[in-house]
Amino acid sequence: MKTAIYQYWDGPVRESVHACVKNIKAYADKIGADYLFEDNPKFITTEMKMNLANYTPHYGSFKVIFNSNWDKYDKILFLDTDVFAVDNLKENIFDFFTGEIGICTEPFQPKQRQITLGQITSKQDEKFADFVKKKYNTDLPRTSEGLVKVYNTGMVLYSKEGRLKAQKEFDNFEKFVRDIKNHGLIPFYGSDQGYLHAMMFAKGFDVQEMDNNWNSYIHGTKDKHQPKRRIVDHRTPKTKFVHCQFPGADNMNEEQLLKIVNLPREQWEYDI
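So, how was this worked out
Residues numbered from 1 in each chain as written. Predicted model: local features only at pLDDT ≥ 70, side-chain atom pairs only at ≥ 80, totals over all residues. Heavy atoms only, no water. Buried < 20%, exposed > 50% of the residue type's maximum accessible area, 1.4 Å probe, protein only. Helix = DSSP H or I, 4+ residues; strand = E, 2+ residues; numbered from the N terminus. Pairing = 2+ DSSP bridges. Axes fitted to C-alpha atoms, helices over the stretch in contact; angles between N-to-C directions. Contact = heavy atoms within 4.5 Å. Salt bridge = Lys/Arg side-chain N within 4 Å of Asp/Glu carboxyl O. 1 Å grid on protein atoms, 1.4 Å probe; cavity = no way out; pocket = protein on both sides within 12 Å on 5 of 7 lines; lining within 4 Å. Points joined across faces, edges and corners; volume = space filled by probe spheres on them. Nonpolar A, V, L, I, M, F, W, Y, C, P; charged D, E, K, R; others polar.

Could you give an account of the pairing of strand β5 (residues 101-105), naming the residues involved and the relevant values?
Taken across its five residues, β5 has five buried, putting it largely inside the fold. Sheet analysis places β5 next to strand β6 (residues 151-159), joined by five bridges and oriented antiparallel. Paired with Ile103 across the bridge in β6 is Val156. Sheet analysis places β5 next to strand β7 (residues 207-209), joined by three bridges and oriented parallel. Counted as the bridge partner of Gly102 is Gln208 from β7.

Okay, structure coming up:
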């Protein structure tokens, strides 16, 4: 079985990106996967000849679907450049992936969006679910509490069968972004995350919800009744990948980021 991991960055490449690339390449070498990082590939503008406004760089994550150089692989992992493997990770993620698309939920978000101070709310999630139902006659998955599930596109796996199906079935990027706008949704739902969320269910993919320890995120949030930003740490003793989404992460160096990825919060030596 031939496997690969892909990362890229469009824009000025920060030290934090280099730190992540070094970390994930070492993991790829350990599990015998090919690895590619691209510095400013600008896939959407150069190969797809599209302009998706602020989300143009984000849609570059779909290069592994639509670029034929990836056809030789049986399984591909796309990772954002703020996702790190923990020290001494031995498990091969590809051994746990059997679907057409593999992705993790954000289990914290559905409830959080009921109390957030931000624009991405449960009300907007319901409006997005309404859009998918009306346009594709598809109901989005929900939590046990009946809230729309949230899927994080910072870590996505594709099988060869999933890629070929996506090439045929996925909607045109520009059309999707226009449709989101015309439905009155905020631009976030026209991002790569909203796009993949809609496509993988509307088009009937075999979606495998991966163990959330493959995408344990650390992020900041503000609540209606607690307006001061707080940091939420979703790591567990079984965490494998850590998604560093907290404020200031982009400006940290390798040493700082690896402390946050691998150590308990009380040992970070600085407050994020």
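Outline the sheet that holds β6, listing residues and values.
The sheet built from six strands is open, its strands ordered β2-β1-β3-β6-β5-β7 with mixed pairing. On the outer flanks of this sheet lie β2 (34-39) and β7, each paired with one strand and no other. Neighbour to neighbour, the strand axes of the sheet diverge by 25° on average, direction disregarded. The strands touched by helix α6 (residues 160-169) within the sheet are β3 (75-79) and β6, with β6 carrying the most contacts at an inclination of about 105°. Running at roughly 50° to β6, helix α8 (residues 192-202) makes contact with β5, β6 and β7 of the sheet.

Quick rundown of the pattern of salt bridges? Include the residues and the values.
For the structure on display, the rule yields 19 salt bridges. A salt bridge links Arg14 to Asp250; the shortest N-O distance between them is 3.4 Å. A residue pair is termed long-range when its members are at least 10 positions apart, and Arg14 in the loop between β1 (3-9) and α1 (15-31) and Asp250 in the loop between β10 (241-245) and α9 (254-262) qualify at 236 residues. Since its relative accessible area comes to 31%, Arg14 is described here as partly exposed. Of the charged contacts in the structure, one is a salt bridge between Glu209 and Lys149, with a shortest N-O distance of 2.9 Å. Residue Glu209 is found in strand β7, and its partner Lys149 is found in the loop between α5 (122-136) and β6; the two are separated by 60 residues along the sequence. On the accessibility criterion, Glu209 (39% relative accessible area) is partly exposed.

Outline empty space enclosed by the protein, listing residues and values.
If you walk through the whole model with that rule in mind, you get two cavities of 30 Å³ or more. There is about 90 Å³ of room inside the largest cavity. Around the largest cavity, the lining residues are Arg113, Asp125, Phe128, Val148, Lys149, Val150, Tyr151, Phe188, Tyr189, Gln193, Gly194 and His197. Of all the secondary structure elements, the ones that give two or more residues to the lining of the largest cavity are α5 and α8. Top element by residues in the lining of the largest cavity is α8. It accounts for three residues. The residue makeup of the lining of the largest cavity, split by class, is six nonpolar, three polar and three charged. When its volume is computed, the second largest cavity comes out at roughly 40 Å³.

Please give an account of the sheet that holds strand β8 (residues 216-223) that cites residues and values.
Think of a sheet as strands paired side by side through backbone hydrogen bonds, with each pair either parallel or antiparallel. The mixed open sheet is built from four strands, whose spatial order is β4-β10-β8-β9. Among the strands making up the open sheet, the edge pair consists of β4 (83-85) and β9 (226-233). For this sheet, the mean inter-axis angle between neighbouring strands, taken without regard to orientation, is 25°. The sheet contact formed by β8 and β10 spans four bridges and is parallel. What sits directly across from Tyr217, in β10, is His243.

Any details on the side chain of Asn213? Residues and values, ideally.
Counting through the fold element by element, Asn213 comes out in the loop between β7 and β8. Setting aside chain neighbours within four positions, we find Asn213 in contact with Thr236, Lys238, Thr239, Lys240 and Phe241.

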